[in-house]
Amino acid sequence: MGPEARAAITAVGHYLPETRLTNQDLSEMVDTNDAWIRARTGIEERRILTDEGKGTSYMAARAGQEILEKRGISADEIDAIIIATVTPDMAFPATSCLVQAELGASNAWGFDLSAACSGFLFALNTGAGLIESGRAAKVLVIGSDKMSSITDYTDRKTCVLFGDAAAGVLLEAAPDGYGLIDSVLRVDGDGWESLCMLGGGSRHPATHDTVDNKMHYIYQDGRAVFKVAVKGMADVAAEIMERNQLTGDDVRYLVPHQANQRIIDAVARRMGLGIDRVMLNISRYGNTTAATIPLCLHDWEDQLKKGDKIVIAAFGGGFTWGASYLRWSYSHLPKEQSHGG
Ligand code: UT7
């Protein structure tokens, strides 16, 4: 890459709805059971946003608020807000506009980015570009998805997988040697039919038929996606390690998208990483689409140290996938000592 400035993550925030949906709950709704879900996915429970009339922007704004508080800055210092989501509050306006208004980020522009489970990774790279080019000094990048709004709770193949959450980061110019160093990003539209939501867009606008045919729900050919996800994620992770001369011993943490623990295990094996160096929280939240990766960063923030070498890897609908290599830019300090204002 070699830009003048690099972009670093300087704060992490999150929002999780309180309502828990356990494997036991699901086994009372569809023909499934705790043992199957744990063995095949690693998931034990997920969070669901049940409040009437609240959508993705509600969660994203709360994650954004936590980021501002942790970094000790005010909303009007934000230059841009990128929301990665496949479950926007509405087709338009963009969820980023609603988040901007709720935060009171009076000097920000922003937009939504649609890349399914790779949404945060793509948004992180897009936001980093704004910092590297000097067009922005502070960019909020938030992954937020209310997957329960597009999940068919009579379909056991998909309803056990997904949960709702938001999490995100603040990007700022990095001191020398820190921040986002390299990325391998890919899309392959030939795979679109394996993981999609057919209804509600311009090709099949909402009609009684689209509702009757369940076209407003996630469709996934799980087996087909599993195969390409393992290969896709492992290939880009290996490529990013090779071209940055990283061995398994160098990487402090793999931060993988959390779709299936078996996919994550396979990627970690290919990278030569023990499970102690893999951020794994799928058991508690399920697949929260664009939120999984920043949610991991949030859960592990206390253990991250300045200079840690981190590889982020994702795979999702589109197909979209990729990996980024970054050097973490701060060590966690107790709240009153951190960052300052
Ligand atoms: O995040 C974006 C990218 N998405 C992914 O990476 C997801 C990739 N795919 C997967 O993670 C897995 O394919 C799933 C977790 C979705 C499914 O696991 P699987 O091991 O691939 O199962 P399968 O689809 O091959 O189904 C095996 C059996 C089938 O029964 P038969 O046909 O063998 O009799 C399914 O009907 O398991 C059955 N099954 C279930 N049984 C109990 C499917 N879902 C369930 C369920 N409970 N919830």
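Refer to the structure above for everything that follows.
Since this is a predicted model, take the numbers as computed values, not measurements.

Enquirer: Explanation requested: the packing of aromatic side chains in the structure shown.
Expert: Each pair of aromatic rings is reported with the distance of its centres and the angle of its planes. In the structure shown here, the tally under the stated rule is five aromatic pairs. Over the ring of Tyr253 we find Arg252; its NZ or CZ atom is 4.6 Å from the centre of that ring. Geometry around Tyr178 places Lys306 over its ring, the cationic atom sitting 5.0 Å from the centre.

Enquirer: It is not clear to me how the sheet that holds strand 11 (residues 253–256) should be interpreted in this structure. Could you clarify?
Expert: The mixed open sheet is built from four strands, whose spatial order is 8-13-12-11. If you trace the sheet from one side to the other, it starts and ends with strand 8 (179–187) and strand 11, each paired once. Taking each pair of neighbouring strands and ignoring which way they run, the sheet shows an average axis angle of 15°. Taken together, the four bridges between strand 11 and strand 12 (residues 309–316) define a ladder with parallel strand orientation. Residue pairing for strand 12: Pro256 is matched across the bridge by Ala313.

Enquirer: Would you mind going over the sheet that holds strand 7 (residues 164–173) with me for this structure?
Expert: Pairing between the strands of a sheet comes from backbone hydrogen bonds, and it takes one of two forms, parallel or antiparallel. Here five strands make up an open sheet; going across it, the order is 1-7-6-4-5 and the pairing mixed. Sheet topology places strand 1 (7–15) and strand 5 (109–113) at the edges, where each strand pairs with a single neighbour. Taking the axes of each pair of neighbouring strands and ignoring which way they run, one obtains an average angle of 20° across the sheet. In the sheet, strand 4 (residues 80–84) pairs with strand 6 (residues 139–146) via five bridges, with the strands oriented parallel. Paired with Ile83 across the two strands is Ile142, which belongs to strand 6. Relative to strand 1, helix 3 (residues 56–71) is tilted by about 125°, and along the sheet it contacts strand 1, strand 4, strand 6 and strand 7. Packed onto the sheet, helix 5 (residues 119–132) meets strand 1, strand 4, strand 5, strand 6 and strand 7 and runs at close to 20° relative to strand 7.

Quick notes on the rules
- Residues numbered from 1 in each chain as written.
- Predicted model: local features only at pLDDT ≥ 70, side-chain atom pairs only at ≥ 80, totals over all residues.
- Heavy atoms only, no water.
- Phe/Tyr/Trp six-rings, centres within 6.5 Å; stacked < 30°, edge-to-face > 60°.
- Lys NZ or Arg CZ within 6 Å of the ring centre and 35° of its normal.
- Pairing = 2+ DSSP bridges.
- Helix = DSSP H or I, 4+ residues; strand = E, 2+ residues; numbered from the N terminus.
- Axes fitted to C-alpha atoms, helices over the stretch in contact; angles between N-to-C directions.
- Contact = heavy atoms within 4.5 Å.

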